[in-house]
Amino acid sequence: MAQLLPGAPIRLIHTIRNVISDHQSYLIDPETSKTFKELPNLIFEDIDIVGIEPVRLFCGCSKEILYPMLFALDKEELANAYENDSFIEIVCNVCGKKYNFDSSEIASLI
Ligand SMILES: [Zn+2]
């Protein structure tokens, strides 16, 4: 994963993309490959690597956080779900986790 910090020139991400693309073989075994750790030196002339960590996805979403999304729905859609005793599913657009809101949770919005 490569991400520019605010103020970084946009051309830098193209340079990073090109260097990684040109050195795909370096990425086969990043845990043990010395060459993988040398990749940043191919992009930056003066760099200190302070650490290498695996990237993990963490999403802090919760049902409580996504509940306000129900306000964006059409009142008719909310009423229909309530009257049919069904649920409304909201999917977090970051991690894809699905949250179901039942008719009792929908009732407070109507
Ligand atoms: Zn999420």
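Before reading on, note that the structure itself is shown above.
None of these values were measured; they are calculated from a predicted model. (Residues numbered from 1 in each chain as written. Predicted model: local features only at pLDDT ≥ 70, side-chain atom pairs only at ≥ 80, totals over all residues. Heavy atoms only, no water.)

Bringing the side chain of S103 into the picture now. Structurally, S103 is set in helix α5 (residues 103-107). Residue contacts for S103: discarding those within four places in its chain leaves A81, Y82, D85 and S86. (Helix = DSSP H or I, 4+ residues; strand = E, 2+ residues; numbered from the N terminus. Contact = heavy atoms within 4.5 Å.)

A word on the layout of surface pockets. Any space left empty among the atoms is revealed by the rolling of a water-sized probe across them. There is about 1000 Å³ of room inside the largest pocket. Around the largest pocket, the lining is made up of 28 residues, and of these M1, A2, F36, P40 and I52 lie nearest the centre. Every element with two or more residues in the lining of the largest pocket is listed here: α1 (11-22) and α2 (34-43). Split by residue class, the lining of the largest pocket holds 21 nonpolar, two polar and five charged. (1 Å grid on protein atoms, 1.4 Å probe; cavity = no way out; pocket = protein on both sides within 12 Å on 5 of 7 lines; lining within 4 Å. Points joined across faces, edges and corners; volume = space filled by probe spheres on them. Nonpolar A, V, L, I, M, F, W, Y, C, P; charged D, E, K, R; others polar.)

Attention now moves to the pairing of strand β1 (residues 88-91). Of the two faces of β1, only the one carrying I88 and I90 is buried; E89 and V91 on the other face are not. Between β1 and strand β2 (residues 98-101), which pair antiparallel and follow one another directly, the connecting turn spans six residues, one of which, G96, has a positive phi of 85 degrees. (Buried < 20%, exposed > 50% of the residue type's maximum accessible area, 1.4 Å probe, protein only. Pairing = 2+ DSSP bridges.)

For the rest of this paragraph, the subject is the pattern of salt bridges. Tallied over the entire structure, the rule returns one salt bridge. The partner of E105 in a salt bridge is K63, and the shortest N-O contact between them spans 3.0 Å. With E105 in helix α5 and K63 in helix α3 (residues 63-66), the pair connects residues that are 42 residues apart, well separated along the chain. (Salt bridge = Lys/Arg side-chain N within 4 Å of Asp/Glu carboxyl O.)

Any functional reading would require information beyond the geometric quantities listed.
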